[in-house]
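Residues per chain, in single letters:
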Amino acid sequence: YLSTSLQSVSCHLENLYLGRMNIGDDGAEVLARGLIGNKSLRCLHLRDDDEDIAITRAGWSAFSAVLCDTSTVNNTYLSNHTV
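Throughout what follows, the structure given in this document is the object of discussion.

**Brief notes about helix α3 (residues 57–67)**
Alright, step 1. Taken together, the buried positions of α3 are G59, A62 and F63. The buried residues of α3 occupy an angular sector of 95 degrees when the element is viewed end-on, so they sit on one face. Set apart from the buried face of α3 by more than 90 degrees, the exposed residues are R57 and A65.
Alright, step 2. Buried residues along α3 sit in contact with α2 (24–35) and β2 (43–45).

Have a look at this one:
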């Protein structure tokens with residue numbers, strides 16, 4: 001449901017705190033899919049100061065595909081974010 005809600009044009013969520021949720025690779029992939037087309041989210045917090053993140057390279061690559069859209073020259077330019 002989170003993925004679908006984040007994709008909705010009516011989503012106005014600016015901050016999402018998922019610390020202590022231990023979402024792992026599967027959760028990261030679902031979350032990344034939800035961020036495709038999202039225009040409102042500005043801060044995504046995936047951990048608290050005292051915990052490690054259980055996301056591996058596979059999970060992070062899902063975010064990379066969303067943040068660095070290279071499907072067209074214009075999308076590449078528009079996805080130039082500070083990571």
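There's more to say after this.
**Examining the side chain of S40**
Alright, step 1. Mapped onto the elements, S40 comes out in the loop between α2 and β2.
Alright, step 2. Sequence-distant contacts of S40, that is, excluding residues within four places in its chain, are made with C11, H12, L13 and E14.

**A few points about empty space enclosed by the protein**
Alright, step 1. Taken as a whole and judged by the stated rule, the model has one cavity of 30 Å³ or more.
Alright, step 2. Quantified by volume, the largest cavity comes out at close to 60 Å³.
Alright, step 3. When grouped by side-chain class, the residues that make up the lining of the largest cavity number six nonpolar, two polar and two charged.

**Details of the nonpolar core**
Nonpolar side chains in soluble globular proteins tend to end up buried together.
Alright, step 1. Of all hydrophobic cores here, the largest spans 13 residues; its most connected members are L6, L16, L18, L31, L35, L46 and F63.
Alright, step 2. Mapped by element, the contributors of at least two residues to this core are α2 and α3.
Alright, step 3. Tallying contributions element by element places α2 first for this core, with four residues.

**Some thoughts on unusual backbone geometry**
Alright, step 1. Even without a glycine there, the phi angle at R20 is positive, about 70 degrees.
Alright, step 2. The residue R20 is located in the loop between β1 (15–17) and α2 in this model.
Alright, step 3. For R20, a relative accessible area of 58% translates into the label exposed.
Alright, step 4. A positive phi is found at N22, a non-glycine position, where the angle reads about 50 degrees.

**Side note on the packing of aromatic side chains**
Alright, step 1. All told, the structure shown has one aromatic pair when counted by the stated rule.
Alright, step 2. Summarising the aromatic geometry, the rings of W60 and F63 are spaced 5.6 Å apart at their centres and angled 40 degrees between planes, so their arrangement reads as tilted. One end of the pair is W60 and the other is F63, both in helix α3 and three residues apart, which spans about a single turn.
Alright, step 3. Assessed through its relative accessible area of 36%, W60 is described here as partly exposed.

**Overview of the side chain of N38**
Alright, step 1. Summarising the element assignment, N38 is placed in the loop between α2 and β2.
Alright, step 2. Separated by 2.8 Å, the side chain of N38 and the backbone oxygen of L6 make a polar contact.
Alright, step 3. Excluding its chain neighbours within four sequence positions, the residues that come into contact with N38 are L6 and C11.

Conventions we followed
- Residues numbered from 1 in each chain as written.
- Predicted model: local features only at pLDDT ≥ 70, side-chain atom pairs only at ≥ 80, totals over all residues.
- Heavy atoms only, no water.
- Buried < 20%, exposed > 50% of the residue type's maximum accessible area, 1.4 Å probe, protein only.
- Helix = DSSP H or I, 4+ residues; strand = E, 2+ residues; numbered from the N terminus.
- Arc of directions from axis to C-beta.
- Contact = heavy atoms within 4.5 Å.
- 1 Å grid on protein atoms, 1.4 Å probe; cavity = no way out; pocket = protein on both sides within 12 Å on 5 of 7 lines; lining within 4 Å.
- Points joined across faces, edges and corners; volume = space filled by probe spheres on them.
- Nonpolar A, V, L, I, M, F, W, Y, C, P; charged D, E, K, R; others polar.
- Core = buried A, V, L, I, M, F, W, Y, C linked by side-chain atoms within 4.5 Å.
- Phe/Tyr/Trp six-rings, centres within 6.5 Å; stacked < 30°, edge-to-face > 60°.
- Polar contact = N/O pair within 3.5 Å; in protein donor to acceptor, adjacent residues only side chain to side chain.

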